[in-house]
Amino acid sequence: MRTATVGAAEAGQRLDRALALLVNDLSRSRLKTLVLAGHVAISGRTIRDPGHCVNVGDEVTVKVPQPTPAAPRPEKIPLAVVYEDADIIVIDKPRGLVVHPAAGNWTGTLVNALVAHCGATLSGIGGVRRPGIVHRLDKDTTGLMVVAKNDHAHRALAAQFADHGRTGPLQRGYYAFVWGAPDRPKGLIDKPIDRHPQARERMTVRSGGREAITLWEILERYPAAAPPTISKPRTIAKRSGSGLPAVASLLDCRLKTGRTHQIRVHLAATGHPLLGDTTYGPGFKTKMTLLSGPAREVLTALSRQALHAYLLTIEHPGSGKEMVFRSELPPDLAKLRMVLRNG
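Reading the values: rules and limits
- Residues numbered from 1 in each chain as written.
- Predicted model: local features only at pLDDT ≥ 70, side-chain atom pairs only at ≥ 80, totals over all residues.
- Heavy atoms only, no water.
- Helix = DSSP H or I, 4+ residues; strand = E, 2+ residues; numbered from the N terminus.
- Buried < 20%, exposed > 50% of the residue type's maximum accessible area, 1.4 Å probe, protein only.
- Contact = heavy atoms within 4.5 Å.
- Areas by Shrake-Rupley, 256 points an atom, 1.4 Å probe, with all protein chains shown as cover.
- Lys, Arg positive; Asp, Glu negative; His and termini not counted.
- Charge placed at Lys NZ, Arg CZ, Asp CG, Glu CD.
- Patch = residues over 30% accessible without salt bridge, like charges linked within 9 Å, V, L, I, M, F, W, Y side chains within 5 Å.
- Salt bridge = Lys/Arg side-chain N within 4 Å of Asp/Glu carboxyl O.
- Axes fitted to C-alpha atoms, helices over the stretch in contact; angles between N-to-C directions.
- Parallel < 35°, antiparallel > 145°, perpendicular 65-115°, else oblique.
- Left-handed = near helix turned anticlockwise from the far one by under 90°.
- Nonpolar A, V, L, I, M, F, W, Y, C, P; charged D, E, K, R; others polar.
- Pairing = 2+ DSSP bridges.
- Arc of directions from axis to C-beta.
- Phe/Tyr/Trp six-rings, centres within 6.5 Å; stacked < 30°, edge-to-face > 60°.

Engineer: How would you sum up the overall build of the protein chain? Please name residues and give values.
Structural biologist: Counting its secondary structure elements, the protein chain contains eight helices and 15 strands. Oriented by its inertia axes, the alpha-carbon framework of the protein chain measures out at about 75 × 55 × 40 Å. Here the protein chain holds 343 residues, and the buried ones make up 43% of them. Considering only residue pairs separated by 6 or more positions, the protein chain has 69% of its internal contacts joining residues 24 or more positions apart. Carbon together with sulfur atoms contributes 51% to the accessible area of the protein chain, which is approximately 16800 Å² in total. Computing the positive centroid from 47 side-chain charges and the negative centroid from 29, the protein chain places the two 4 Å apart.

Engineer: Just give me the short version of a positive patch on the surface, but keep the residues and values in it.
Structural biologist: Residues Lys-32, Arg-130, Arg-136, Arg-195 and Arg-200 make up a contiguous surface patch of positive charge. Note on Arg-136: relative accessible area 45%, which makes it partly exposed.

Engineer: Let's hear about the packing of helix 1 (residues 15–22) against helix 2 (residues 28–36): which residues, and what values?
Structural biologist: In contact at an axis separation of 9 Å, helix 1 and helix 2 are set at 125° when each is read in the N-to-C sense. Between helix 1 and helix 2, the angle falls in the class oblique. With respect to the hand of their crossing, helix 1 and helix 2 are arranged in right-handed fashion. Counted together, Leu-15, Asp-16, Arg-17, Leu-19 and Ala-20 of helix 1 and Arg-28, Leu-31, Lys-32 and Val-35 of helix 2 form the full contact between these two elements. Across the contact of helix 1 with helix 2, the residue classes tally to five nonpolar, no polar and four charged.

Engineer: Tell me what's going on with the pattern of salt bridges, and back it up with residues and numbers.
Structural biologist: Scanning all chains against the criterion turns up 12 salt bridges. Arg-184 is paired through a salt bridge with Asp-183; the nearest N and O atoms lie 3.9 Å apart. Residue class for Arg-184 comes out partly exposed when judged on its relative accessible area of 44%. In this structure, Arg-206 engages Asp-194 in a salt bridge whose closest nitrogen and oxygen atoms are separated by 3.8 Å. Placement of the pair is Arg-206 in the loop between strand 11 (203–205) and strand 12 (213–223) and Asp-194 in strand 10 (residues 193–195), with a sequence separation of 12 residues. The class of Arg-206 is partly exposed, set by a relative accessible area of 33%. Three or more residues are tied together by salt bridges with common partners; here these are Arg-95, Arg-304 and Asp-332.

Engineer: Which residues make up the sheet that holds strand 2 (residues 40–42), and what values do they have?
Structural biologist: In spatial order, the strands read 1-4-2-3; together these four strands make up an open sheet with antiparallel pairing. This sheet does not close on itself; its edge strands, each paired only once, are strand 1 (2–5) and strand 3 (45–46). Pairing of strand 1 with strand 4 (residues 59–62) involves four bridges; the strand directions are antiparallel. Along strand 4, the bridge assignment pairs Ala-4 with Val-60.

Engineer: Quick rundown of the environment of Ile-263? Include the residues and the values.
Structural biologist: Residue placement: Ile-263 occurs in helix 6 (residues 262–269). Classification of Ile-263 by relative accessible area gives buried; the value is 4%. When the C-alpha atoms of Ile-263 and Cys-253 are compared, they prove to be 7.6 Å apart, with 10 residues separating the residues in sequence. Setting aside residues up to four positions removed in sequence, Ile-263 forms contacts with Tyr-174, Thr-214, Cys-253, Leu-255 and Leu-307.

Engineer: Hey, could you go over helix 1 for me, with residue numbers and the actual values?
Structural biologist: It helps to recall that an α-helix has 3.6 residues per turn; residues three or four apart then point in one direction. Every buried residue belonging to helix 1 is among Leu-15, Asp-16, Ala-18 and Leu-19, and all of these are buried. Down the axis of helix 1, the smallest arc covering the buried residues is 160°, so these residues share one side. Buried residues in helix 1 make contact with helix 2, strand 2 and strand 4.

Engineer: Give me the lowdown on the packing of helix 7 (residues 293–302) against helix 8 (residues 331–342), citing residues and values where you can.
Structural biologist: At a minimum axis separation of 9 Å, helix 7 and helix 8 run at an interaxial angle of 160°. Taken together, the axis directions place helix 7 and helix 8 in an arrangement best described as roughly antiparallel. The two elements helix 7 and helix 8 cross, and the hand of that crossing is left-handed. Every residue of helix 8 that contacts helix 7 at Pro-294, Ala-295, Val-298, Leu-299 and Leu-302 is listed here: Asp-332, Leu-333, Lys-335, Leu-336, Val-339 and Leu-340.

Engineer: Would you mind going over the packing of aromatic side chains in detail, with residue names and values included?
Structural biologist: Enumeration according to the criterion identifies three aromatic pairs in this entry. Between Tyr-175 and Tyr-310 the ring centres are 3.9 Å apart and the planes differ by 10°, which places this aromatic pair in the stacked class. Highlighted residues: Tyr-175 in strand 8 (residues 171–179) and Tyr-310 in strand 14 (residues 307–315), separated in sequence by 135 residues. An angle of 15° between the planes, with centres 6.5 Å apart, marks the rings of Phe-177 and Tyr-222 as stacked. Here Phe-177, found in strand 8, pairs with Tyr-222, found in strand 12; they are 45 residues apart in sequence, far enough to count as distant.

Structure below.
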């Protein structure tokens, strides 16, 4: 723990620059990282913006986390292995599993599980904390991931993901349960994505950001629950969306780029955020009243964004063979789909 009081010499400067003057034993880059990670507070209020302007008399507190191991330790965490050979391993990631160690999650990650499962065979190109990792899924997004078990496989897979399927077979398909329903059966979202200027843990659609393209298609529409005065049973056609307005829908989303939180950000930007996404769709909680009682209960219990990576197509880095992997909806999303279908 470091504490300091801003004086006249530091007043009016950026927080990271002022800290570099006040805290002599830490570099400015290290201090900036600590700010972004939420370890710096002014008068008890956490500040995550390194550019925050400090004032005379500000009481600044810097918490320095304990050092972490340089390399992830093996942990016997169960893995749902879909396919494995000498070059790759494809797993079906469960909810709640962070992909690689980072601030706040130094243990209990997919990488820790892979180190235990594969030993020293994982590719080292991604660095000691991301061995074999060529793409990621969010902590609470379920579904298919491929991991490289040697450096040759890592280079080949990384090239495929960088190409985004423009010249090869790479495909990444996601089932996404969203609020409402688009007014067309299919479409394309082409909106640049960048880190949010104030909330650094979030991404946002922003001019000047990195190119981001998502294809989508409606698979199912789910109508709002019928008002209590309606006594006549609704037909299957109405449940599919031709009767009552759709309160939610199931989309098939395909990534043509691979930005952080891309599907979540893009769908929220079009007015159809993911069910259960408290980061990008908190304003849609009021729509819960339009769901049936069972659907409300299931969605409340879900406690995560309703997103599942169901399709992964790659070219095998060794044989060159096109390989297609599919994953069924996990039990929590399968139950959500059932209650939404039933209205």
